[in-house]
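The residues making up each chain are set out below.
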Amino acid sequence: MRSRRSVLAVPGSNPRFLDKAQTLPVDEVFLDLEDSVAPAAKQEARKNIVTALREGDWSGKTRVVRVNDLTTQWAYRDVIEVVEGAGEFVDCLMLPKVQEPTDVVWLDTLLTQIEQAMGHEVGRIGIEAQIENARGLVNVDAVAGSSRRLETLVFGPADFMASINMRTLVVGEQPPGYVEGDAYHYILMRLLMAARMHDLQVIDGPYLQIKDVEGFEKVARRAAALGFDGKWVLHPSQVDAANAVFSPTQEDYDHAELILEAYDYYTSVEKRGAVMLGDEMIDEASRKMALVVAAKGRAAGLTRTTSFTP
Ligand code: GLV
Ligand code: MG
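Residues numbered from 1 in each chain as written. Chains lettered and ligands numbered in written order. Predicted model: local features only at pLDDT ≥ 70, side-chain atom pairs only at ≥ 80, totals over all residues. Heavy atoms only, no water.

Chemist: Looking at this structure, I do not really get the coordination of the magnesium ion (ligand 2). What am I missing?
Modeler: Around a metal, the perfect tetrahedron of four donors has angles of 109.5 degrees, and the perfect octahedron of six donors has angles of 90 or 180 degrees. Donor atoms from the polypeptide that bind the magnesium ion (ligand 2) are Glu-132 (OE) and Asp-159 (OD), placed at 2.1 Å. Taken as a pair, Glu-132 in the loop between strand 5 (126-131) and helix 5 (134-138) and Asp-159 in helix 7 (residues 157-163) lie far apart in primary sequence, 27 residues in all. Judged by relative accessible area, Glu-132 falls into the buried class, the value being 4%. (Donors = N, O, S within 2.8 Å, 3.2 Å for Na, K, Ca; no water. Helix = DSSP H or I, 4+ residues; strand = E, 2+ residues; numbered from the N terminus. Buried < 20%, exposed > 50% of the residue type's maximum accessible area, 1.4 Å probe, protein only.)

Quick look at the structure:
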């Protein structure tokens, strides 16, 4: 599993941003051909992206290109130019506004044809599917199972809130007048269930108030608490917050490793299934929860500061 705590959006039409992106400590970059690029700049943006992928230093980052959605005139050529031009340097393509499983199948098939024609390994390039309207959300279980290339589902809150007529202008914040609960909870949970059913990662979309780092953190924490793997970042100010919010704390990480080690000792050496670790009862289910936290901590580069003694 790739780490995707912070996913940086970079407009393909802006060479300066394409350079700057390489210096930021994000887990993933996606070079955009869709909504951050004006129609008149799309062709140029494809060229910029191919050059940036081939010549840039993206080490340590997952490299993704967001193509235009299937209903546009640009989608097929985005895929062909980027993958023929720089396919060896692309980890995934992101497909926006996915509504049906066949949308993803279309991209999978086109990728396979290009990989065959270029003599590349077939199936190496993954797919990230953005869910951005009601049809996409209603079909999300089928979308999540539509291709072996799929690695993540991605929530697109700006398009989504517009598509369902939600009365909010600040993406990620509660709509005015909604005082009970969380207006995003159903959508986030729905995405999470579909993703986990198919062992995919699930990523929260952008928070557009880039000056409001506290607001970003609050919204990011909401998604992280449910189990989301990461969130988009639009500006350097959001990067550290995303990496921190989607990593376990040192304390939680140490505790998770301790549970794994203790549980391993008690079940194998003492052959007991439910045991006490300090004041806490741990069993097989605790081990599974600890595995998740430990895996996220290791992926985030944390190291243990405590050890287990029987
Ligand atoms: C992202 O694409 C969004 O629409 O929020
Ligand atoms: Mg969108």
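Chemist: Got a minute to help me understand the packing of aromatic side chains in this structure?
Modeler: Overall, the coordinates contain six aromatic pairs when judged by the stated rule. Centroid distance Tyr-265 to Tyr-266: 5.2 Å. Interplanar angle 70 degrees. Geometry classified as edge-to-face. Relative accessible area serves as the criterion here: at 23%, Tyr-265 is assigned to the partly exposed category. Within the aromatic cluster, the residues linked to one another by ring pairs are Tyr-265, Tyr-266 and Phe-308. Its guanidinium or amino end placed over the ring of Trp-74, Lys-42 lies 4.8 Å from that ring's centre, counting from NZ or CZ. (Phe/Tyr/Trp six-rings, centres within 6.5 Å; stacked < 30°, edge-to-face > 60°. Lys NZ or Arg CZ within 6 Å of the ring centre and 35° of its normal.)

Chemist: Any chance you could explain the nonpolar core here in plain terms?
Modeler: The tendency in soluble globular proteins is for nonpolar side chains to be buried side by side. With 67 residues, the main nonpolar core has Leu-31, Val-65, Val-79, Leu-93, Leu-153 and Leu-191 as its most contacted residues. Looking at this core, the element that brings in the most residues is helix 8 (residues 185-197), giving six residues. Ignoring sequence-local partners within four residues, the contact set of Leu-153 consists of Ala-129, Val-140, Val-143, Ala-144, Leu-191, Ala-194, Ala-195, Leu-200, Gln-201, Val-202 and Ile-203. Counting 13 residues, the second largest nonpolar core, distinct from the first, contains Ile-259, Tyr-263, Tyr-266 and Phe-308. (Core = buried A, V, L, I, M, F, W, Y, C linked by side-chain atoms within 4.5 Å. Contact = heavy atoms within 4.5 Å.)

Chemist: What's the story with the UniProt feature "binding site: Mg(2+)" (unreviewed entry) in the protein chain in this structure? I'm lost.
Modeler: The positions UniProt marks with the feature "binding site: Mg(2+)" (unreviewed entry) are Glu-132 and Asp-159. The named residues occupy 28 residues along the chain; their greatest pairwise C-alpha distance, 5.4 Å, places them in one compact cluster. With residues near it in sequence (within four places) discarded, Glu-132 still touches Pro-96, Lys-97, Gly-156, Asp-159, Phe-160 and Ser-163. At a separation of 2.9 Å, a polar atom in the side chain of Glu-132 contacts the main-chain amide nitrogen of Lys-97. Its relative accessible area of 26% is what places Asp-159 among the partly exposed residues. If we skip the residues at most four places from it in the chain, Asp-159 touches Asp-35, Lys-97 and Glu-132. (UniProt positions renumbered as here; feature names shortened; annotations may be inferred. Polar contact = N/O pair within 3.5 Å; in protein donor to acceptor, adjacent residues only side chain to side chain.)

Chemist: Is there a simple way to think about the site of ligand 1 in this case?
Modeler: The environment of ligand 1 is formed by Arg-66, Gln-130, Glu-132, Gly-156, Pro-157, Ala-158, Asp-159, Pro-206 and Trp-232. Take Arg-66: an N or O atom from its side chain is 3.1 Å from an oxygen atom of ligand 1. Asp-159 is positioned with one of its backbone polar atoms (N or O) 2.9 Å from an oxygen atom of ligand 1. When isolated, ligand 1 has an accessible area of 190 Å², and the protein chains bury 93% of it. Looking at which element gives the most residues to the shell around ligand 1, the answer is helix 7, with three residues. Looking at the shell around ligand 1 residue by residue, the classes come out as four nonpolar, two polar and three charged. (Near = heavy atom within 4 Å. Areas by Shrake-Rupley, 256 points an atom, 1.4 Å probe, with all protein chains shown as cover. Nonpolar A, V, L, I, M, F, W, Y, C, P; charged D, E, K, R; others polar.)

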